[in-house]
Amino acid sequence: MNLAKFIKRGYAPNPTPIEYLPNFSRALNADIDVYIKRDDMLPGAGGGNKTRKLDFCIADALQKGCDTVITCGAVQSNHCRLTLAWAVHEGLDCHLVLEERVPNSYDEEASGNNFLFQLLGVKSITVVPGGTNMLDAMQKVADKLTADGKKPYIIPGGASNALGALGYVSCMEEIMAQMFAMNLTFDHMVVPSGSAGTHGGIMAGMIGNNINIPVTGIGVNRPKAVQEKAVYDLANAALALIGVDAKVPADKVVAFDDYVGPGYSLPTDAMVEAVQMLARTEAILLDPVYSGKAMSGLIDLARKGYFAKGSKVLFLHTGGSPALFAYLPTFRAAK
Ligand SMILES: *Cc1c(COP(=O)(O)O)cnc(C)c1O
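Because the structure is predicted, anything quoted here is derived from the model rather than measured. (Residues numbered from 1 in each chain as written. Predicted model: local features only at pLDDT ≥ 70, side-chain atom pairs only at ≥ 80, totals over all residues. Heavy atoms only, no water.)

J.: Before we move on, can you summarise the packing of helix α6 (residues 162–182) against helix α7 (residues 197–208) with the specific residues and values?
T.: Orientation of α6 relative to α7, taken along the N-to-C sense of each, is 50 degrees, at an axis distance of 7 Å. With respect to their mutual orientation, α6 and α7 come out oblique. Where α6 crosses over α7, the handedness of that crossing is right-handed. Only Gly-197, Thr-198, Gly-201, Ile-202, Ala-204, Gly-205 and Met-206 of α7 make contact with α6, whose side of the interface consists of Ala-165, Tyr-168, Val-169, Cys-171 and Met-172. Of the residues contributing to the contact of α6 with α7, the split by class is eight nonpolar, four polar and no charged. (Axes fitted to C-alpha atoms, helices over the stretch in contact; angles between N-to-C directions. Helix = DSSP H or I, 4+ residues; strand = E, 2+ residues; numbered from the N terminus. Parallel < 35°, antiparallel > 145°, perpendicular 65-115°, else oblique. Left-handed = near helix turned anticlockwise from the far one by under 90°. Contact = heavy atoms within 4.5 Å. Nonpolar A, V, L, I, M, F, W, Y, C, P; charged D, E, K, R; others polar.)

Pasting the structure below:
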């Protein structure tokens, strides 16, 4: 696939490491070998998966002559933190619209990503109730900025449109090249599945390159069927944008909803166990909202025998550790 025809800024110039997790694999005791793709180590203040997607979206904003970006997310959004970080890097203004998916969850004084919004010099934060049409809310901010003579560019939540998903098509090609260089192939891949650009881009890269490694998505928010439809649509929109004459088959898209717990961003015991287990076996930090729940899915599936004995399983670490600092009581209560 020729991704070179799309402009990007070059935010991810080097491959992120793929590492074997010997201590974690042993602790899991499920006769599988777990490897990790360290997208938590991507550049951008605090790291994480949105850097790959923003590489394409911000290039588009700059090409269109925009001087301001507007995006949206939850109150502890990693995507908002990284959009703001790359905007600062490019000399663009950045305005955020935050959705209180959990009622009254916005706290100006909160730690984690919320603290970083202020530190990185956000131009404005608009807080709206859960269920608000976020594109409309961002358009309202854009209209006001336009009236003030600015040229705003709206990036959708998670930068999860077809353009942003190219970042994870490219990640899949990076993984393919690393497998070749390491003389290593995986039997299965496990990825977090939120606004779907990551999972969708991985599926598009997998099918577009005929790689044929099964991918299991772990949802963090929506019911299974809704999430799978979102991933399916975005994966195929990405393939169409690239101009690939292939489609991701619906039956290859799997996004379990068994690990969401009481709701988006709300802690589960299994998430706490997963975060502690990876920290204490490999000293790698997950996050409470995405990668921690996704890893809780991998752990449970491994214990249930979902992966064939002797499998090599690659976990995509999408980052998010700054959000840990907004969950201190949860982790302190668990010891
Ligand atoms: C946004 C995010 C995800 C989910 O990625 P999507 O492309 O939105 O599905 C996973 N992990 C972290 C840390 C994130 O910030």
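J.: Please provide a residue-by-residue account of the packing of aromatic side chains, values included.
T.: Applying the stated rule across the entire model yields six aromatic pairs. Judged by centre distance (3.8 Å) and plane angle (10 degrees), the ring pair of Tyr-11 and Trp-86 falls under stacked. Here the residue Tyr-11 occupies a position in the segment before β1 (18–20), and Trp-86 occupies one in helix α3 (residues 78–90), the gap between them amounting to 75 residues. The two residues Tyr-11 and Trp-86 agree in class, both being buried. Ring plane angle 70 degrees and centroid distance 5.2 Å describe the contact between Tyr-35 and Phe-186, whose orientation is recorded as edge-to-face. Residue Tyr-35 is located in strand β2 (residues 33–38), and its partner Phe-186 is located in the loop between α6 and β7 (188–193); the two are separated by 151 residues in the primary sequence. Each member of the pair Tyr-35 and Phe-186 is classed as buried. Just above the ring of Tyr-168 sits the side chain of Arg-52; from NZ or CZ to the centre is 5.7 Å. (Phe/Tyr/Trp six-rings, centres within 6.5 Å; stacked < 30°, edge-to-face > 60°. Buried < 20%, exposed > 50% of the residue type's maximum accessible area, 1.4 Å probe, protein only. Lys NZ or Arg CZ within 6 Å of the ring centre and 35° of its normal.)

J.: Tell me about the pattern of salt bridges, and name the residues and values.
T.: A complete count under the given rule lists 14 salt bridges for this structure. A salt bridge links Arg-52 to Glu-174; the nearest nitrogen and oxygen atoms lie 3.0 Å apart. Of this pair, Arg-52 sits in helix α2 (residues 50–63) while Glu-174 sits in helix α6, and the two are 122 residues apart along the sequence. On the accessibility criterion, Glu-174 (13% relative accessible area) is buried. Here Glu-273 makes a salt bridge to Arg-303, at a shortest N to O gap of 2.9 Å. One end of the pair, Glu-273, is in helix α9 (residues 269–282); the other, Arg-303, is in helix α10 (residues 291–303), with 30 residues separating them in the sequence. Using a relative accessible area of 49% as the deciding quantity, one classes Arg-303 as partly exposed. (Salt bridge = Lys/Arg side-chain N within 4 Å of Asp/Glu carboxyl O.)

J.: Got a sec to walk through the packing of α2 against α3? Specific residues and values, please.
T.: Think of two packed helices as two axes; the pair is described by the angle between the axes and how far apart they sit. Relative orientation of the contacting elements α2 and α3 amounts to 45 degrees, with a least axis distance of 10 Å. When the axis of α2 is compared with that of α3, the two are oblique. In this structure, α2 meets α3 at a crossing whose hand is right-handed. Taken together, the residues of α3 that come into contact with α2 (itself represented by Lys-50, Thr-51, Leu-54, Ile-58 and Leu-62) are His-79, Leu-82, Thr-83, Trp-86, Ala-87 and Glu-90. Grouping the constituent residues of the contact of α2 with α3 by class yields six nonpolar, three polar and two charged.

J.: Go over the nonpolar core, please, and point to the residues and values.
T.: By size, the foremost hydrophobic cluster in this structure holds 59 residues, and its most contacted members are Leu-54, Val-69, Ile-155, Ile-175, Phe-186, Met-189 and Ile-202. Elements with a contribution of two residues or more to this core: α2, α3, β4 (93–100), α6, β7, α7, α8 (224–242) and β10 (312–317). Counting contributing residues per domain, this core is built from domain 1 (3–48 + 160–333) and domain 2 (50–159), each supplying no fewer than three. Not counting residues up to four positions away in its chain, the partners in contact with Phe-186 are Ile-18, Tyr-35, Met-179, Ile-213, Lys-312, Val-313 and Leu-314. (Core = buried A, V, L, I, M, F, W, Y, C linked by side-chain atoms within 4.5 Å. Domains from an automatic or database assignment.)

J.: Provide a residue-level description of the site of the ligand, including the pertinent values.
T.: Among the 17 residues in the neighbourhood of the ligand, the closest are listed as Lys-50, Lys-53, Ser-195, Thr-198 and Thr-318. Between Lys-50 and the ligand, the recorded distance is 2.9 Å, taken from a side-chain N or O atom to an oxygen atom. Measuring from an oxygen atom of the ligand, one finds a side-chain N or O atom of Thr-198 at 2.7 Å. Protein chains shield 98% of the accessible area of the ligand, which is 380 Å² for the free molecule. Every element with two or more residues in the shell around the ligand is listed here: α2, β7 and α7. Of the residues in the shell around the ligand, the class split is three nonpolar, eleven polar and three charged. (Near = heavy atom within 4 Å. Polar contact = N/O pair within 3.5 Å; in protein donor to acceptor, adjacent residues only side chain to side chain. Areas by Shrake-Rupley, 256 points an atom, 1.4 Å probe, with all protein chains shown as cover.)

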